[in-house]
Amino acid sequence: MLKNTLQKYWPLYALTIVITLLLRYFSKTTDSDVIIWMLAPTARWVGILSGITFEYLPHKGYVSNFYRFLVAPSCAGIRFMMILFIMLIFSFLHRIAPKKNGYLWFVFCLAFSYTATVFVNGVRIIVSIYLPPFLERPETTGRFLTPDRLHTLIGTGVYFSSLCILYLLASFVCKRWFAASAKDNASDEKNTFASPRGLFVPAFWYLLIVLIMPFCKRILTNEWEGFGEYTLLIFFTCFAVSTLLYAARPRRRT
């Protein structure tokens, strides 16, 4: 099965790796002009949802002077797009029998990942604008919820929950329109939140990129300051989101 899949789709897997490396490069840039293709639609989407107006500052990003908020390159959400794209390719491509549909699935994944990232990142930015003024009050959370911790919690909560939902949506789309084999699609329950698989797959890819790879890098650089707290916040948020999604799963009537 694995050998046949690699023989049939090895150009797509190779191209996936290339695109992943490009996205990683873009996620590290500090020049907004380089990733204007991501920042511009994101800022417009945030404006549509909230009515907030942004002004573009060359090489910096989109700024709202009223809210004192900058949609900078670090807010572009490109790492989320990278995680989503990898997850869609490696989780579903091998399930698609017709070779032509496999290539169509690749194109769909790339377009879907870009569009979904703009949508999800716009929601995250709005939450990041409106939620902190309330939660950062001492009478609300005390001194625990610092701006950095709140930023991590919001980002992880929005991105991870969205990744889980998008995985579920992609599973439906793959089966419905890309003619995956009947054997692999015999039980849709494997890809719903009623089954651990529906949450394990998104959690695996999210934690791989967000925690495991940075952990390996820190082993080489021996830079551990703040990483333990960051790891706990990530795990706590992912566990909380998974618990809520599993609790909210549709139950079969008996």
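Read on for a plain summary of the structure. (Residues numbered from 1 in each chain as written. Predicted model: local features only at pLDDT ≥ 70, side-chain atom pairs only at ≥ 80, totals over all residues. Heavy atoms only, no water.)

1. What to know about the sheet that holds strand E3 (residues 69–71)
Where strands meet in a sheet, backbone hydrogen bonds hold them as pairs that are either parallel or antiparallel.
Phase 1: Sheet architecture is open: three strands sit in the order E1-E2-E3, paired in antiparallel fashion. The open sheet has two edge strands, strand E1 (55–57) and E3, and neither has a second partner. Neighbour-to-neighbour, the strand axes of the sheet open up by a mean angle of 35°, direction not taken into account.
Phase 2: In this structure, E1 lies alongside strand E2 (residues 61–64), joined through three bridges in antiparallel fashion. Bridge pairing links Glu55 to Val63 in E2. (Pairing = 2+ DSSP bridges. Helix = DSSP H or I, 4+ residues; strand = E, 2+ residues; numbered from the N terminus. Axes fitted to C-alpha atoms, helices over the stretch in contact; angles between N-to-C directions.)

2. So, the pattern of salt bridges
Phase 1: For the coordinates displayed, the defined rule picks out one salt bridge.
Phase 2: A salt bridge links Glu229 to Arg149, with the nearest nitrogen and oxygen atoms 2.9 Å apart. Of this pair, Glu229 sits in helix H9 (residues 227–247) while Arg149 sits in helix H7 (residues 147–177), and the two are 80 residues apart along the sequence. (Salt bridge = Lys/Arg side-chain N within 4 Å of Asp/Glu carboxyl O.)

3. Observations regarding the pairing of E2
Phase 1: Hairpin geometry of E1 and E2 is characterised by an intervening segment of three residues between the two adjacent antiparallel strands and by a positive phi of about 70° at His59.
Phase 2: Relative to E3, E2 is paired through three bridges, and the arrangement is antiparallel. Its bridge partner lying in E3, Ser64 is registered against Phe69.

4. Observations regarding the packing of helix H1 (residues 2–28) against helix H4 (residues 99–130)
Helix packing geometry: the angle between the two helix axes and the distance between the axes.
Phase 1: One can describe the packing of H1 onto H4 by two numbers: an axis separation of 10 Å at closest approach and a directional angle of 10°. Taken together, the axis directions place H1 and H4 in an arrangement best described as roughly parallel. Here the hand of the crossing between H1 and H4 comes out right-handed. Every residue of H4 that contacts H1 at Lys8, Tyr9, Pro11, Leu12, Leu15, Thr16 and Ile19 is listed here: Lys99, Gly102, Tyr103, Phe106 and Leu110. (Parallel < 35°, antiparallel > 145°, perpendicular 65-115°, else oblique. Left-handed = near helix turned anticlockwise from the far one by under 90°. Contact = heavy atoms within 4.5 Å.)

Interpretation in functional terms is not warranted from these geometric data alone.
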